[in-house]
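Commentary on secondary and tertiary structure
The residues making up each chain are set out below.
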Amino acid sequence: MGSLYPLEILLHHLLVFSSGRDIRSLGCTSRFFAGVCSDETLWRKKCEEEFTRFTSNAALQRVGWKKLFIALSFPRIFVLGHLAHGRRGAGWQTNDDDRSFVPVEVKLPGVRVVRLVAGPWSFSALDSEGSMFVWGALDGDRPMIQRLAPFSLGCIVVKSPRKLILPNPVRDISYGNLHCTVLDSRGQIWTFTNWFRPFRLESAQLDCHSPETTPTQVACGPHFSAVLTQSGDVFVFFPFNLDREDRHLTVDGPYASASLDKSSTIQCITRTLRAKPHRLPSIPTRLDGANDNGSSKGPNREFLIRIAALSQQVIGLTNNGHLLIFKTIRDEASLTIAANTLWKHLAVFCEPQDDMSTPQRAGRVIPQALFLPPISEIATHFPDVIVAYSPETGSMLIGRSSDEPPVTVPGLRNRTIASVALGKGHRAVLTADGELLTWGAGVSGALGHGAPTGAPQAQPPMGAVVIAQHQPLRPPVPQARNAGVPTPVHFDHGADAQKRLEMFCIDVTARESHTGALVVNLERNL
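Looking now at the overall build of the chain. When helices and strands are tallied, the chain shows ten helices and 33 strands. Counting over 526 residues, the chain shows a buried share of 51%. Excluding contacts between residues fewer than 6 apart, the proportion of contacts in the chain whose partners are at least 24 apart in sequence is 59%. A total of about 25300 Å² of accessible surface is found on the chain, and carbon and sulfur atoms cover 52% of it.

Laid out in C-alpha cells, this is it:
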C-alpha cells in the first residue's frame, strides 16, 4: 500500500522533521515505507541537521548516510590518563593509583554526544540538542587538609556524568584553571566557578544587537575569559573579580550532599552579573612580515575568526590564515595600561618551514622547504604551547608564543588532520580516517598505549615486617612509557584486528594529564 502524499512531500516536508527512531519504526510497517525510509537523501538531511560537525568528513560519508546516522546516534566516550577527582565518570574512585593506561569507557546511555571538552580536573560532554553533561571537579588543586573542613563549591566532585539544567542550549565550552565559560544558543555568556551557581555576564557590549556585540566563541585563560564577536572584536573579563560571592560559599548548606545523591541532573541556580568587559584593540590593517599566503583571493578586510588563550595572552586566527598574539593579560590594571598595545603577527607560523624528515644523503639531512597553506585551526595549552594546522591538507606546526620557529611532526606526513588536542606533556591528533594518534610523556597513562611492561615486582612498604607469605604487598607503581612518534590508540584492547577497524574516533580532547575520545562503531546494526 502506498501513501496519500507524494514521495517528495514525505521525504522533504514530513519525515525530515521526525526523529530517527520514528523513521526507522515507520520503515518496519510496510515494503513501501521500508523503501521510503531507506532513502539516502532523507538520512543525509537528518545527518546535516543533527550532526553538522561530522558531515563534511569524506571517510564517514563512504559508509552511507543511514548507517552514519545510526552510528552517530550511539557514540561511546572513553577517557584515559590520570582520572582522579571523578574524571573516570564511574561513580567510584580507586584508592591507590587513579591512572589508566588504556581507554576506560564512561557510560552515558541514550545521549547523542557530539563533542568532548576536558578541564584540568573534569570533562564536559555536549549532545546534539545542546545539553551539557559534566563529571569531575572544577577545583582539584586544594590541599587535602582543606578538603576535610568546609570547602568551596568548586571542590565538589561529580563522580558520574550529570546534565546541567540551563535556560538555553550550549554551543561552545572552554575551561580555565578554576572556571568554565560557555556560550549558549542565544549568544549569552555563562561562567561556572562551581557546577551549581553559574552567572550570566550582562553587558551592553555583548547584547547581540549587532555583529560587533554578538558573541560567536569563548576561550579561557587560566584566570580570564575571552569572547570573540561576529565582527572579529575580542572582549576579556576576569570571572573571579566579578563572582566574589561564591568564593566564600561552603558546602554546609543545600549543596552538602550534591555529589552523593542519585540524581542525574544538576538544577543550576542562575544569576546575572553586570560588568563591562575590556575590549582589546582591533588587529592592524597591515600585518608586519605577512606574506600573501593565499590572502589575495580572500576578502579585503582581515578580521579574526577564531581565538585561543594562553597563560597571559590571546591567540587570534584571521580569515586569511594569519596568526596573531595579544600579550600582557595579567589583570584588569594591565589591560588598562595596555590600551595602546597592538596585536603582534606570529610570522614564524606563516613562513615556509624546513622539513627535516627527508632522507639523509651522503651522511647529511637535506632540509626541504615546506610551504603551508593558510592556517584554518588553532589549539593551545598553558602556558605557551601553540598548534596551528589545516585540516584540509593535514599540515601542522607546533611552537610557542616566543619568536622561535615552530616544528613539524614527521610522523604525521601525508595524514589528513581533523583535530588536535594538547595536554601538559602529551599530544593527541585525530585523523580524518578516524584514527587517534598520541605521543609525548606517558607518566599518567594519557597516551593510551597500554600498561607499561617491565615494572618491578611488588615490594613490602619500607620498614614493614612480612609476617606471612600470603600477606598482601603494596602494588608497584608502573614505570611509564613515553612515545616519541604519533602512535595509534586502540579502544578495544584484547579484540582482534577486524573489530578494531570498526571503531571510528570522531572527537578528541586533552588537558593536563588526561585524554578523552568520542568513538562510534560504523558497523553497528539495530
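Take the packing of aromatic side chains next. In this description, a pair of aromatic rings is defined by centroid distance and the angle of the planes. Within the structure shown, the criterion is met by eight aromatic pairs. Measuring from ring centre to ring centre gives 6.3 Å for F192 and W195, while their planes differ by 55°; the resulting arrangement is tilted. When its relative accessible area of 1% is taken as the criterion, W195 is described as buried. Taken together, the aromatic side chains of W43, F51 and F69 make up a single cluster linked through ring pairs.

What follows concerns the pairing of strand β5 (residues 132-136). With five of five residues buried, β5 lies mostly within the body of the structure. Here strand β4 (residues 122-127) pairs with β5 via five bridges, running antiparallel. Following the sheet pairing, S122 is matched in β5 by G136. Hairpin connection between β4 and β5: a loop of four residues separates the two successive antiparallel strands, and G130 in this loop has a positive phi of roughly 90°. As paired strands, β5 and strand β6 (residues 158-165) are joined by four bridges and run antiparallel to one another. By the bridge assignment for β6, V134 is matched with R162.

Right, let's get into the sheet that holds strand β15 (residues 271-274). The five strands are arranged β7-β8-β9-β10-β15 in an open sheet whose pairing can be described as mixed. Among the strands making up the open sheet, the edge pair consists of β7 (170-175) and β15. On average, adjacent strands in this sheet sit at an angle of 30° to one another, irrespective of strand direction. As paired strands, strand β9 (residues 189-192) and strand β10 (residues 199-202) are joined by three bridges and run antiparallel to one another. From the neighbouring strand, T191 faces β10, where its bridge partner is F199.

I77, V113, A125 and I506 are the most contacted members of the largest nonpolar core, which totals 38 residues. The greatest single-element share of this core, amounting to five residues, is contributed by helix α6 (residues 65-73). Among residues more than four places away in sequence, those in contact with I77 are V104, E105, V106, L108, V113, L116, A125, W135, A517 and L518. Judged by nonpolar contacts, the second largest core, of 21 residues, contains L126, M132, L166 and W190.

We now examine α6. The buried fraction of α6 is high, at seven of nine residues. For α6, every residue scored as buried is listed here: W65, L68, F69, I70, A71, L72 and S73.

Tracing the sequence through the fold places S419 in strand β28 (residues 417-422). Ignoring any residue separated from it by four or fewer positions in sequence, one finds S419 in contact with Y389, A428, V429, L430 and V508.

Time to look at the confidence of the model for the chain. A low pLDDT score tells you not to read the predicted coordinates there in detail. Confidence along the chain averages 80 in pLDDT terms, with 75% of residues attaining 70 or more. Low pLDDT, under 50, characterises residues 454-475; the stretch is placed with 15 contacts to residues that sit more than four places away or in other chains.

Of all the positions in helix α4 (residues 40-50), only L42, W43, K46, C47 and E50 are classed as buried. Viewed end-on, α4 has its buried residues packed into an arc of 135°, placing them on one side of the element. Structurally, the start of α4 carries an N-cap: the backbone nitrogen of T41 is 3.0 Å from a side-chain oxygen of D39.

Quick look at the side chain of H322 now. Within the secondary structure, H322 sits in the loop between β18 (314-318) and β19 (323-326). Residue classification places H322 among the buried residues on the basis of a relative accessible area of 2%.

The rules behind these values
Residues numbered from 1 in each chain as written. Predicted model: local features only at pLDDT ≥ 70, side-chain atom pairs only at ≥ 80, totals over all residues. Heavy atoms only, no water. Helix = DSSP H or I, 4+ residues; strand = E, 2+ residues; numbered from the N terminus. Buried < 20%, exposed > 50% of the residue type's maximum accessible area, 1.4 Å probe, protein only. Contact = heavy atoms within 4.5 Å. Areas by Shrake-Rupley, 256 points an atom, 1.4 Å probe, with all protein chains shown as cover. Phe/Tyr/Trp six-rings, centres within 6.5 Å; stacked < 30°, edge-to-face > 60°. Pairing = 2+ DSSP bridges. Axes fitted to C-alpha atoms, helices over the stretch in contact; angles between N-to-C directions. Core = buried A, V, L, I, M, F, W, Y, C linked by side-chain atoms within 4.5 Å. pLDDT = per-residue confidence, 0-100. Arc of directions from axis to C-beta. Polar contact = N/O pair within 3.5 Å; in protein donor to acceptor, adjacent residues only side chain to side chain.

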